[in-house]
Amino acid sequence: MKIIIVGCSEVGQTLAAKLNDDGNEVTVIDVQAEKVRAVSSRYDVMGVVGNGATQATLQEAGIENADLFIAVTDSDELNLLCCMIAKKESDCHVIARVVNPAYSEETAYLKERLGLAMVINPDFATAEEIARVLLFPSALKIEPFAKGRVELVSFRLQKDNLLVGLSVKEAMSKLKSKVLICTVERGEEAYIPSGDFVFAEKDVVSIVAPKREAKEFFTKIRYKGHSIKDAIVAGGGAITHYLFEIMERSGIAFKVIEKDEALCEELATRFDKVTVINGHAGDKNLLVEEGVSETGAFVALVKGDEENILFSMFAKEAGAEKTVTKISRIDYDSVLSKLDLDTVVCPKNITSDIILRYVRATGNAMGSNVETLYNIIPDKVEAVEFIVREGSPIVGKPLAELAFQRNVLVASILRGKTVIVPRGQDTIEVGDSVVLVSMGRSLSDITDALKE
Amino acid sequence: MNFAMIRRTLGFMLLFLAIFLLVPLVTSLIYWEKAGLSVLIAALLAGGVGWLCILKKPKKREIYAREGFVIVALCWIVLSLFGALPFWLSGEIPSYVDALFETVSGFTTTGATILPTGEALEALPKCLLMWRSFTHWVGGMGVLVFVMAFLPLSGAGNLHMMRAESTGADVGKIVPKMRQTAKILYLIYAAMTTAQFLLLLCGGMSVFEALNTAFSTAGTGGFGFKGDSMASYNSYLQIVTTVFMLLFSINFNSYFLLLRGKCKDAFNAEVRTFLLIVLGAILLISLNIFLTEGYGYGFAEALKDAAFSVASVISTTGFVTEDFNLWPTLSKTVLVVLMFIGACAGSTGGGIKVSRIMVLCKGGIYEVGRMIHPKQVKKIAIDGRKLEHEVVRSINAYLVAFILVYVISLLLISLEGYDLVTSFTAVAATVNNVGPGLGAVGPSGNFAFFNDFSKLVLVFDMLAGRLEIFPILILFSPRTWKK
């Protein structure tokens, strides 16, 4: 697929790297020559220096032959303008990154009137992810598949959990649960565990389970969970705004600490139930005063990554039961995982995941389609959901007979409304929605998972 | 430093060399020549060593700028070391240094030879003559670019290799994927070579002659197979060759743009300047030799020979129809200047490159302007596009490095004590990849009389000229090899 990306900031770079890895022909555009040079010399993509909202630059980037146009500069208005011009120049699909709540409320209008294929709001997507975690705090991450019927849940094994010291086989026969163990992270290594893999404390385990089963599973393994009644949010930016909107009826009592007075007033006007505090989240006394030690969850959403990490670590130490930390630069994730930060969200990765999912789905004409894509462990393990179409070579055969690649796992099959946690004798039928977990390779079609 | 990846890439390149050697091998079968045996041995050696190199898969596949440059430089050196084997093993060129000189001259598309012109050259086995011309074709567009077009080498590091191997200051891709770019460039290259081959056949050349000439012209190399280079061919063949020498010295991106229907972009400032220089030089030289007494040229003949020589020198090919060593001083000087200007960036030609000369000249003019308005801020623009400071800086640095290499080589060559014209143009003809110079190394002479040391200096110059100085210089920096 021929793809043009406007904007070489973090999201643009991540996208360029991942889309290029998937075998697409990527051209990046940015006004800053050094940014373009950095991207085009690191990845096998072409760079064009210029304003992505001018026809000449788009021509130079080959807009007439492009299949997909993605505008992810830091400016909403520029992104929309780029997309409008791109749409006039060719009939490619266009995706715009739009952050400002004023515009993103009109998503439907933008999509219809400007012909946008997708309006992506990284802040909103991040808020959604945080909301999911707050509603199910035992998990580090939750990702819904199959329209929410199946969930992929990651959690860190605690000391007295039943699983610790058991092998996968023993655990499964003991628990008799409809849950499938997908991946285990231990330090920097990731595994798709076989039957005799033995769990240890502090392993991060990801499971795929039908929605209700996951909670049951946690009780069975004696996982110390809790439900959250109140939360403190540091920083009152766009993500916070969206988070409150999503969680308005959740029953969680939110408290937000924001140093900017105008933002505080805005939040206070919009959300009656939220306690808005005008102060600096870095003020330790203020945090203690506002009850960081008793809070159910602490969510760090200020601008700087370092501050967020620091606040979360302090909150954790003070006694907050759950912390959520927003980080823009995820490059150092191996270090972060050692910090015991509970949940880490990265808007950049969430954005690129959503766009990648779209690209793989549209770039796919064969038997099945990518519905959802989720990086369980960034750059290592991903879970992909496919809808199986007529004519796919895997239909009707028992899984045990299909020759899957190494490090590929069929994690769940959704047929109609029933969720099947697959075993060897199960088959995949037309219309099923199948979740595959794969390590070290990206799948864009279900047949990619088979041995050649 | 990822030595494993360097070894692997070298291995692939040697395997490709073994495949390239099939061309002279087939020639030797057709003409049933004994020298074919030495070609076969060389091919087996290259293939065997190459195969050994790729046996073990490297653990880490990432390569960065440093590895990219080192790979390119080493590839060209190893390629020449193995490519020289057929000449040496067959005993046609008894000294290995001579054989190496000849091969480097081939791959770098220089065309400088240690073989005597005249009948001795025509007595050489046909398969070796074919190999000489074919090395031009392979070296013209770049060996690694060829390897890249066919093999999926590791991702991003490729760009560094292509940058190092392609000519010109600012190497860009024409389509997003490196492999695709390499394929398109080679397709254009092969199509143009075929076109020339067919046109030459129409003019009455034999298949062997037409192939040789087409390979030599395409790479802008200049190895001939006749004692008098192109002199004894008819005007039609000479004119076809003139046109193609010029075509091959134009940026290949322009042809791609033409194919895409973007005529205006194809005739960019560099191409226009190049054509202007060519026209000016042809007029100047033809008038000079026509008006100077004692040469006896008719105007048409003067025009034709001047055009051929200008095309041959500015494209850095080095074919000859007339011994320009005997021309008036003005004409000779113009030709020497053309040697340094060279072809367009992104072509198969050598020299400093027209685009660099343009930037350097504009920079000089702006500098004068700054003397008058010391605080003026102005940027150099080519085709209405402002150049980044980075690009201008790298071009200035290139010129300095070029002059340094030139001066040091000239000093080393002068140790032998030949006259200044010979020494000066010997270095000019090799570092610019032209081939023949003036004086003793003029069109009717050759490079055989230099001693081995001087030949090795010139070998270095040819490689440095073809790879545009820095990839070769990087090999000599101790920091390159530090862990």
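Basis of the calculations
Residues numbered from 1 in each chain as written. Chains lettered and ligands numbered in written order. Predicted model: local features only at pLDDT ≥ 70, side-chain atom pairs only at ≥ 80, totals over all residues. Helix = DSSP H or I, 4+ residues; strand = E, 2+ residues; numbered from the N terminus. Rg over C-alpha atoms; globule rule 2.2 N^0.38 Å. Buried ≥ 20, exposed ≤ 12 C-beta atoms within 10 Å, placed from the backbone. Contact = placed C-beta atoms within 7 Å. Expected span 1.5 Å × (residues − 1). Nonpolar A, V, L, I, M, F, W, Y, C, P; charged D, E, K, R; others polar. Pairing = 2+ DSSP bridges. Axes fitted to C-alpha atoms, helices over the stretch in contact; angles between N-to-C directions. Right-handed = clockwise from strand over helix to strand, strands pointing away. Domains from an automatic or database assignment. pLDDT = per-residue confidence, 0-100. Parallel < 35°, antiparallel > 145°, perpendicular 65-115°, else oblique. Left-handed = near helix turned anticlockwise from the far one by under 90°. Arc of directions from axis to C-beta.

(A) Spatial organisation of the overall build of chain B. Scanning chain B from N- to C-terminus turns up 24 helices and two strands. Whereas a compact globule of 483 residues would reach a radius of gyration of roughly 23 Å, chain B reaches 22 Å, a difference of no more than 12%. A principal-axis box enclosing the C-alpha atoms of chain B has dimensions of 65 × 60 × 50 Å. In chain B, buried positions account for 52% of the 483 residues. For chain B, contacts bridging at least 24 residues in sequence account for 74% of all contacts bridging at least 6.

(B) Up close: the overall build of chain A. Looking only at helices and strands, chain A features 15 helices and 22 strands. The C-alpha radius of gyration computed for chain A amounts to 23 Å, which stays within 12% of the reference 22 Å derived for 452 residues, consistent with globular compactness. A total of 452 residues make up chain A; the buried ones form 44% of that total. Considering only contacts within chain A whose residues lie at least 6 apart along the sequence, 61% involve residues at least 24 apart.

(C) Up close: helix H16 (residues 269-291) of chain B. Residue and element names in this part refer to chain B. Spanning 23 residues, H16 covers 33 Å between terminal C-alpha atoms, matching the ideal 33 Å at 1.5 Å per step. Those residues of H16 that fall on the buried side of the exposure criterion are Glu270, Phe274, Ala281, Ile282, Ile285, Ser286 and Ile289. Buried residues belonging to H16 abut helix H17 (299-314), helix H18 (329-341) and helix H19 (354-372).

(D) Expanded view of the interface of chain A and chain B. Contacts between the two partners involve 10 residues from chain A, matched on the other side by 10 residues from chain B. Within the residue set of the side of chain A that touches chain B, elements represented by two or more residues are strand S2 (25-30) and helix H2 (33-42) of chain A. The residue inventory of the side of chain A that touches chain B, partitioned by class, reads five nonpolar, two polar and three charged.

(E) A look at unusual backbone geometry. All names here are of chain B. For Thr220, which is not glycine, the phi torsion reads 45° and is therefore positive. As for its placement among the helices and strands, Thr220 is situated in the loop between helix H12 (207-218) and helix H13 (235-248). Here Thr220 falls in the buried class, since 35 other C-beta atoms lie within 10 Å of it. Phi angles above zero are rare outside glycine, and Ile469 is one such case at about 65°. In this structure, Ile469 sits in the loop between helix H22 (452-466) and helix H23 (470-473). By the C-beta count within 10 Å, which is 21 here, Ile469 ends up buried.

(F) Focus on the sheet that holds strand S8 (residues 150-156) of chain A. Residue and element names in this part refer to chain A. An order of S7-S8-S11-S9-S10 is seen for the five strands of this open sheet, with the pairing classed as antiparallel. On the outer flanks of this sheet lie strand S7 (141-145) and strand S10 (189-191), each paired with one strand and no other. With strand direction ignored, the average angle separating the axes of adjacent strands in the sheet is 15°. Its contacts with the sheet place helix H9 (residues 211-220) against S8 and strand S11 (204-210), and it is angled at close to 135° to S11.

(G) Spatial organisation of the sheet that holds strand S14 (residues 275-278) of chain A. Residues and elements named next belong to chain A. Strand order in the open sheet made by the six strands is S14-S13-S12-S15-S16-S17, with parallel pairing throughout. Edge strands, defined here as strands with exactly one partner in the open sheet, are S14 and strand S17 (343-345). Along the sheet, successive strands turn relative to each other by an average axial angle of 15°, direction set aside. Alignment of strand S12 (residues 230-234) against strand S13 (residues 253-258), held across five bridges, turns out to be parallel. Residue pairing in the sheet places Ala234 in a bridge with Ile257 of S13.

(H) Spotlight on the pairing of strand S4 (residues 68-71) of chain A. Residues and elements named next belong to chain A. Side chains Leu68 and Ile70 of S4 all project onto a buried face; the interleaved residues Phe69 and Ala71 project onto the opposite face, where all are buried too. Taken together, the four bridges between S4 and strand S5 (residues 93-97) define a ladder with parallel strand orientation. Residue pairing in the sheet places Phe69 in a bridge with Val94 of S5. For the segment spanning S4, helix H4 (residues 76-89) and S5, crossover handedness is right-handed.

(I) Highlighting the domain arrangement of chain A. Segmentation of chain A into domains returns domain 1 (2-120), domain 2 (127-220), domain 3 (230-320) and domain 4 (361-449). For domain 3 of chain A and domain 4 of chain A, the distance between their C-alpha centres works out to 40 Å.

(J) Spatial organisation of the confidence of the model for chain B. With 98% of its residues at a pLDDT of at least 70, chain B reaches an overall mean of 89. Among the scores for the predicted complex, ipTM is 0.77 and pTM is 0.81.

(K) Structural view of the packing of helix H2 (residues 22-31) of chain B against helix H8 (residues 126-141) of chain B. All names here are of chain B. Taken N-terminus to C-terminus, the directions of H2 and H8 make an angle of 155°; their axes are 8 Å apart at the nearest point. The orientation of H2 relative to H8 falls into the category roughly antiparallel. Judged by the twist between their axes, the crossing of H2 over H8 is right-handed. Two secondary-structure elements touch here, H2 through Val23, Pro24, Thr27, Ser28 and Tyr31 and H8 through Lys126, Cys127, Leu128, Met130, Trp131 and Phe134. Of the residues contributing to the contact of H2 with H8, the split by class is eight nonpolar, two polar and one charged.

(L) Representation of the packing of H13(B) against H17(B). Residue and element names in this part refer to chain B. Look at H13 against H17: their axes get within 9 Å of each other, and the N-to-C directions meet at 35°. Note that H13 runs across H17; the crossing there is left-handed. Across the interface between the two elements, Ser235, Gln238, Thr242, Met245 and Leu246 of H13 pack against Lys304, Ala307, Phe308, Ala311 and Ser312 of H17. Tallied by class, residues from the contact of H13 with H17 come to five nonpolar, four polar and one charged.

(M) Local environment of the environment of B:Thr135. Residue and element names in this part refer to chain B. Locating Thr135 in the fold gives a position in helix H8. Along the sequence, Thr135 and Thr108 sit 27 residues apart, while their C-alpha atoms lie 8.3 Å from each other. Once residues within four sequence positions are removed from consideration, Thr135 is found in contact with Gly83, Thr103, Gly106 and Phe107.

(N) Expanded view of the environment of B:Ala42. Residue and element names in this part refer to chain B. With respect to the element layout, Ala42 can be found in helix H3 (residues 36-55). Sequence separation between Ala42 and Gly83 is 41 residues, and the spatial gap between their C-alpha atoms is 7.5 Å. With sequence-adjacent residues up to four places away left out, Ala42 is seen in contact with Leu21, Phe82, Leu85, Pro86 and Leu89.

(O) Broad picture of H9(A). Residue and element names in this part refer to chain A. Residues of H9 that are buried include every one of Glu213, Ala214 and Phe218, and no others. On an axial view of H9, the arc spanned by its buried residues comes to 140°, and they lie on one face. When the buried face of H9 is taken as reference, the exposed residues oriented beyond 90 degrees from it are Arg212 and Thr219. Where H9 is buried, its residues meet S8 and S11. Immediately beyond the C-terminal end of H9, within one or two residues, lies Arg222, with a positive phi of roughly 60°.

(P) Looking closely at the pairing of S8(A). Residues and elements named next belong to chain A. Most of S8 sits inside the fold, with five of its seven residues counted as buried. Pairing analysis gives five bridges linking S7 to S8, with the strands arranged antiparallel. By the bridge assignment for S8, Lys141 is matched with Ser154. In sequence, S7 turns back onto S8 through a hairpin of four residues, with Ala146 there showing a positive phi of about 45°. Both S8 and S11 contribute to a ladder of seven bridges, which runs antiparallel. Residue pairing for S11: Val153 is matched across the bridge by Ile207.

(Q) Spatial organisation of the environment of B:Leu410. Residues and elements named next belong to chain B. As for its position among the elements, Leu410 is in helix H20 (residues 389-414). On the neighbour-count criterion, Leu410 (18 C-beta atoms within 10 Å) is partly exposed. As a C-alpha pair, Leu410 and Met5 span 405 residues in sequence and 36 Å in three-dimensional space. Not counting residues within four places of it along the chain, the set of residues in contact with Leu410 comprises Ser423, Phe424 and Val427.

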